[in-house]
Amino acid sequence: MSMILHIGAGQASELPQWRKSGATRIVLVEPNPMLAQQLRHKAAGDATLTIVEAAVTPSSANTQLYEYNLPEANSLRPATGLKSLFPGLKTTATHSVATLTPTQLLADYGPAQGERAQLVLQTPGEEGAILNELIETGQLNQFQQLHLYANPEPYYQGSIAAKDILQQLAEAGFDITDVNQQDPDWPYWQLTRHPLKDQLLSLQEETTALKQQLQERQQQLEANQRQSKKQQQKAEEVAQQTQAQLKEKANQLAEAHAQCQQLKEDNETLKKTAQPSTESKPTASANTE
């Protein structure tokens, strides 16, 4: 991998392994002030190492780091369920720590475009919330490999069981390639993103977009059909009104024609009545007696 992002690096016992992997950039994120200082000493003179002193959490309310007499149990959340597993578990100290959301962390220190990257999550109780935000925002797709430390049961207040987290990762396209359960209470999984998952997601997005376009076009077609039907009904109403008007005009014209004919006949009658009668008169005789 070109880049390794280790959230909850602690003492970074894996650092020799990360260096041997040939990674050109290693980002170690640790909220514990004392451990962060130790990491800075380890990083002195190593240009490939970046130390970020902060806790990573989607919740702005998680600003207290709980230290327990079991160091690997240190968390941003109260170890409610863990106390039933370890009755002697006690809080030894609390620290107010700076926090970054997963989105902010990746914006500042995440993989560059095309950079092959591995995410290591060692954040007791917080891993589920971190992964949930990365999945929802699509930012988990920037990583080809994932090392996950998670408890089999929700040992912390509001935490998520490992099986539920692994189910989310499977749905996000990550396949389990290795499991280490030497310590059954603190197992870890190595997962690799399936190479066809991005192609599948892209096809699903295209299909969703096409379905949306089809639905919009169907709605537009239905609207046009409704509009066309209204226009047709309007045209039929106008045609009916026009026919009624034409019929009325024709009746009026016929009535006017009849009246005109009657006037003509009456006029002829008057003319005949007004002429003087002429009777034939006898012709004077040319014979005289």
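Scroll up for the structure.
Nothing here was measured: the structure is a model prediction, and the numbers come from that model. (Residues numbered from 1 in each chain as written. Predicted model: local features only at pLDDT ≥ 70, side-chain atom pairs only at ≥ 80, totals over all residues. Heavy atoms only, no water.)

(A) The packing of helix 5 (residues 127-137) against helix 6 (residues 162-171), seen in detail. The N-to-C vectors of helix 5 and helix 6 enclose an angle of 15°; their axes lie 10 Å apart at closest approach. Judged by the angle between their axes, helix 5 and helix 6 are roughly parallel. Helix-helix and strand crossings are classified by hand; for helix 5 and helix 6 the assignment is left-handed. Every residue of helix 6 that contacts helix 5 at Glu-127, Gly-128, Leu-131, Asn-132 and Ile-135 is listed here: Ile-165, Gln-168 and Leu-169. Residue composition of the contact of helix 5 with helix 6, grouped by class: four nonpolar, three polar and one charged. (Axes fitted to C-alpha atoms, helices over the stretch in contact; angles between N-to-C directions. Helix = DSSP H or I, 4+ residues; strand = E, 2+ residues; numbered from the N terminus. Parallel < 35°, antiparallel > 145°, perpendicular 65-115°, else oblique. Left-handed = near helix turned anticlockwise from the far one by under 90°. Contact = heavy atoms within 4.5 Å. Nonpolar A, V, L, I, M, F, W, Y, C, P; charged D, E, K, R; others polar.)

(B) Structural detail: unusual backbone geometry. Backbone geometry at Ala-12 places phi at a positive 55°, although glycine is not the residue there. Relative to the assigned elements, Ala-12 resides in the loop between strand 1 (3-7) and helix 1 (15-20).

(C) Geometry of the packing of aromatic side chains. What the rule picks out here adds up to two aromatic pairs. With a centroid separation of 6.5 Å and an interplanar angle of 20°, the aromatic rings of Tyr-66 and Tyr-68 are classed as stacked. Residue classification places Tyr-68 among the buried residues on the basis of a relative accessible area of 5%. (Phe/Tyr/Trp six-rings, centres within 6.5 Å; stacked < 30°, edge-to-face > 60°. Buried < 20%, exposed > 50% of the residue type's maximum accessible area, 1.4 Å probe, protein only.)

(D) Structural context of helix 6. The complete set of buried residues in helix 6 reads Ala-162, Ile-165, Leu-166 and Leu-169. Within helix 6, the buried residues cover an arc of 100° as seen down the axis, which keeps them to one side. Residues Lys-163 and Glu-171 are exposed on helix 6 and point more than 90 degrees away from its buried face. Elements in contact with the buried residues of helix 6: helix 5, strand 9 (145-149), strand 10 (174-180) and strand 11 (188-193). The first or second residue beyond helix 6 is Gly-173, which carries a positive phi of 100°. (Arc of directions from axis to C-beta.)

(E) The arrangement of the pairing of strand 9 in detail. Of all five residues that make up strand 9, four are buried, and the element is covered over most of its length. Two strands pair when backbone bridges link them, and strand 8 (residues 117-121) and strand 9 are joined in this way by four bridges, in the parallel orientation. In the strand pairing of strand 9, Leu-119 is matched with Leu-146. As paired strands, strand 9 and strand 11 are joined by five bridges and run antiparallel to one another. Across the sheet, Tyr-149 pairs through a bridge with Tyr-188, a residue of strand 11. (Pairing = 2+ DSSP bridges.)

(F) Structural context of the packing of helix 4 (residues 102-109) against helix 5. Their axes nearest at 9 Å, the elements helix 4 and helix 5 cross at an angle of 70°. Between helix 4 and helix 5, the angle falls in the class roughly perpendicular. Touching Pro-102, Thr-103 and Leu-106 of helix 4 are Ile-130, Glu-133, Leu-134 and Thr-137, all from helix 5. Looking at the contact of helix 4 with helix 5, its residues break down into four nonpolar, two polar and one charged.

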